[in-house]
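# Descriptive structure summary
Listed below are the residues making up each chain.
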Amino acid sequence: MPDDAGSTSHDRKGVVLVVRVSGFFGQNFHTPPVSIASAPGRVNLIGEHTDYNDGFVLPMGIGLRTCVAMGPSGDGRWHFASEHQPETIVFERTAVGDTARRDWTSYIRGVIAGFLAAGHEVEPVCVAVAGDVPVGSGLSSSAALEVASASALEAMLGVAFDPMEKALLCQKAEHEFAGVPCGLMDQVACVFGDSDSSRAGWKPAPPAARPAEPGGAILLDCRTLEVRRIPIDPAWVLVIDSGIGHAHSGGEYAARRLECEQAVESLQADGFPVKALRDATPVMLEAIRGDDLLYRRARHVVTENARTLEAAALFESTAPDRLTRLGQLMNESHASLRDDFEVSTPELDRLVEMACAQPGIHGARMTGGGFGGCVVALVEPGKAQATGRAIVEVSPGAKVRFSC
Ligand code: GLA
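Because the structure is a prediction, the values reported are computed rather than measured.

### Points about unusual backbone geometry
For D54, which is not a glycine, the phi torsion comes out positive at approximately 65°. Mapped onto the elements of the fold, D54 is located in the loop between β1 (35–46) and β2 (56–72). Located in the positive-phi region is S140, a residue other than glycine, with phi close to 65°. Structurally, S140 can be placed in the loop between β5 (125–131) and α3 (141–157).

### Remarks on the site of the ligand
Taken together, 13 residues lie near the ligand, and E48, H49, D51, D186 and Y253 sit nearest. Within the side chain of Y253, a nitrogen or oxygen atom sits 2.6 Å from an oxygen atom of the ligand. One of the backbone N or O atoms of G369 is found 3.5 Å from an oxygen atom in the ligand. Here the ligand, which alone exposes 310 Å², has 99% of that area covered by the protein. Looking at the shell around the ligand residue by residue, the class counts come to four nonpolar, five polar and four charged. Both domain 1 (10–231) and domain 2 (237–402) contribute no fewer than three residues apiece to the shell around the ligand.

### A word on the sheet that holds strand β9 (residues 237–241)
Pairing within the open sheet is antiparallel, and its four strands lie in the order β10-β11-β9-β12. Two strands lie at the open edges of the sheet, namely β10 (361–367) and β12 (399–403), each paired on one side alone. Each adjacent strand pair in this sheet contributes to an overall mean axis angle of 25°, direction not counted. Pairing of β9 with strand β11 (residues 374–379) involves five bridges; the strand directions are antiparallel. Counterpart to L238 in the pairing with β11 is A377.

### Concerning the packing of aromatic side chains
Evaluated as defined, the whole model comprises five aromatic pairs. A ring pair is formed by Y52 and Y253, whose centres lie 5.4 Å apart and whose planes are at 70°; its orientation type is edge-to-face. Of the two residues, Y52 sits in the loop between β1 and β2 while Y253 sits in helix α6 (residues 252–269), which places them 201 residues apart along the sequence. Of the two residues, Y52 and Y253, both sit in the buried class.

### Some points on helix α11 (residues 384–393)
The complete set of buried residues in α11 reads A384, T387, G388 and I391. For α11, the angular spread of buried residues about the axis comes to 100°, placing them on one side. Contacts made by the buried residues of α11 are with β9, α10 (346–357), β10, β11 and β12.

### A short note on the side chain of E154
Relative to the helices and strands, E154 resides in helix α3. On the basis of relative accessibility, which here comes to 8%, the residue E154 falls in the buried class. Of note is the side chain of E154, whose polar atom sits 2.7 Å from the backbone nitrogen of F161. Among residues more than four places away in sequence, those in contact with E154 are F115, V159, A160, F161 and K166.

### Describing the domain arrangement of the protein
Interface size is commonly expressed as the accessible surface area that is lost when the partners come together. Partitioning the protein into structural domains gives domain 1 (10–231) and domain 2 (237–402). Distance between the C-alpha centres of domain 1 and domain 2: 26 Å. Interface area for domain 1 against domain 2, summed over the two sides, is near 3300 Å², with a carbon-plus-sulfur share of 64%. Contact with domain 2 buries surface across domain 1, with I46, E48 and H49 losing the most and accounting together for 20% of the total. When contributions to the side of domain 1 that touches domain 2 are tallied by element, the ones reaching two or more residues are β1, β2, β7 (217–221) and β8 (227–230).

### Quick notes on the environment of G158
With respect to the helices and strands, G158 occurs in the loop between α3 and α4 (163–178). Remark: the alpha-carbon pair of G158 and I288, spanning 130 residues in sequence, is separated by 52 Å.

### Some thoughts on the pairing of β11
Burial analysis of β11 places six of its six residues in the buried class, the great majority of the element. Alignment of β10 against β11, held across six bridges, turns out to be antiparallel. Following the sheet pairing, M366 is matched in β11 by V375. Where β10 folds back on β11, the antiparallel hairpin that results is connected by six residues, among which G368 adopts a positive phi of roughly 90°.

Conventions we followed
- Every chain begins its residue count from 1, and numbering advances along the sequence as written.
- With pLDDT at 70 or above as the cut-off, local features in this predicted model cover only qualifying residues; side-chain atom pairs require 80 or more to be listed or tallied, and sums for whole chains, interfaces and linings still use all residues.
- Side-chain measures here rest on the full set of heavy atoms in the structure, leaving out hydrogens and waters.
- Counting from the N terminus, the helices are DSSP H or I runs at least four residues long and the strands are E runs at least two residues long.
- Residues are counted as near a molecule or strand when any one of their heavy atoms sits within 4 Å of it.
- Polar contact is defined as a pair of N or O atoms within 3.5 Å, subject to the rule that within protein one atom must be able to donate a hydrogen and the other to accept it, and that residues adjacent in sequence are counted only when both atoms are side-chain atoms.
- In short, Shrake-Rupley with a 1.4 Å probe defines the accessible areas, and a residue's cover is counted only from the protein chains shown.
- For this scheme, ten residues count as nonpolar: Ala, Val, Leu, Ile, Met, Phe, Trp, Tyr, Cys and Pro. Four count as charged, namely Asp, Glu, Lys and Arg, and the remainder, Gly too, count as polar.
- An automatic or database domain assignment supplies the residue ranges for each domain.
- In this description, strands pair whenever DSSP reports at least two bridges between them.
- Lines fitted to C-alpha atoms define the axes here, with helix axes fitted over just the stretch in contact, and angles between the N-to-C directions of these axes take values from 0 to 180 degrees.
- Stacked, tilted and edge-to-face are the three classes assigned to paired rings of Phe, Tyr and Trp, where Trp is represented by its six-membered ring and a pair needs centres within 6.5 Å; plane angles under 30 degrees give stacked, over 60 edge-to-face, the rest tilted.
- For the exposure calls, accessible area comes from a 1.4 Å probe over protein chains only, and a residue counts as buried if that area is under 20% of its type's maximum, exposed if over 50%, partly exposed in between.
- An arc is given here, and it is the one of the directions from the helix axis to the C-beta atoms.
- Any two residues whose heavy atoms approach within 4.5 Å at even a single point are treated as in contact.
- The term buried area denotes the loss of accessible surface (1.4 Å probe radius) that occurs when two parts are joined, taken as the sum for both partners.

Following this line, the structure appears as structure tokens:
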């Protein structure tokens, strides 16, 4: 398996990444960094487009990570370098807070703005970014960058945010600086999806002490912000990238959010005491059946919340046939995203079909915001790598991103 399949020794990968970002920092800024931190990408197992409806999501951290190194710039300007970008970008002292300027530094600048707004004195820094979370694949490269940046700043300044506050700060950065009206799932997954959150930020010490491995899954209640850890063997999870990039700022994501809000308003107008689609029931939805589009959008959210809660309970149970039922839930989730919420693509549908036709696969679905990106499959332990290979061999442009 290639390295980007996330299947090689996670310890070794973590160390390699720290050494890489440290070297990259030195190469660009001619001094060692003062702090380094990393955060994982995430895959959402189930619970799609439910987070901004006050619902439930079940994501997990994966073995692909983004690593950020920082140190004071000493020249009153902010410097940003990424191994994935051709040039270093420099901002004058106050220009760092310019929300109108949108580029890859927006995610980091938004986090810096959050620290400043929280009353922390952040002097201009040099920032270097390295990592292997693919951009535009729906594996939360932006949230991983935000969370890694926040953790590097925490380590540099010697402060520690409450983890949920940190996730909220990162979400705000994405809203205000990247212009993406995302829910909270990705940032929470990148903060809590690490099995050992103590390694989120550290001053460079022996890197060997800082392994990178996929964390457990988490059930997040997006209304109460309660986080429950759910035991999931990473060997059950296979993630395949369709090779088609997605773009949330492209308008469709915002349009879905709006339609969900309109469905809530319609239900309220019919006298139902709902604050968000989280409060709606299948019976209530009958009242808005006349508006087919809003009805289907709402039906997706209502049924997806139920599937997510059932899936979390199954993962926690010891029922012998639970993987079979979990697979059905994933298939139903995909059908609902395809037909009711209309965020899938023919390529994602085809990958899901192909995955489901493989022996050892219990179910599969698109994962993330949609319109491209990845599919996630629930697989018999030990079968992920062979299955992933079989699927990508006959799917031009597709790539295995995670398999244990
Ligand atoms: C994107 C957003 C998340 C969530 C998913 C869909 O990843 O960033 O907040 O809404 O889409 O589940």
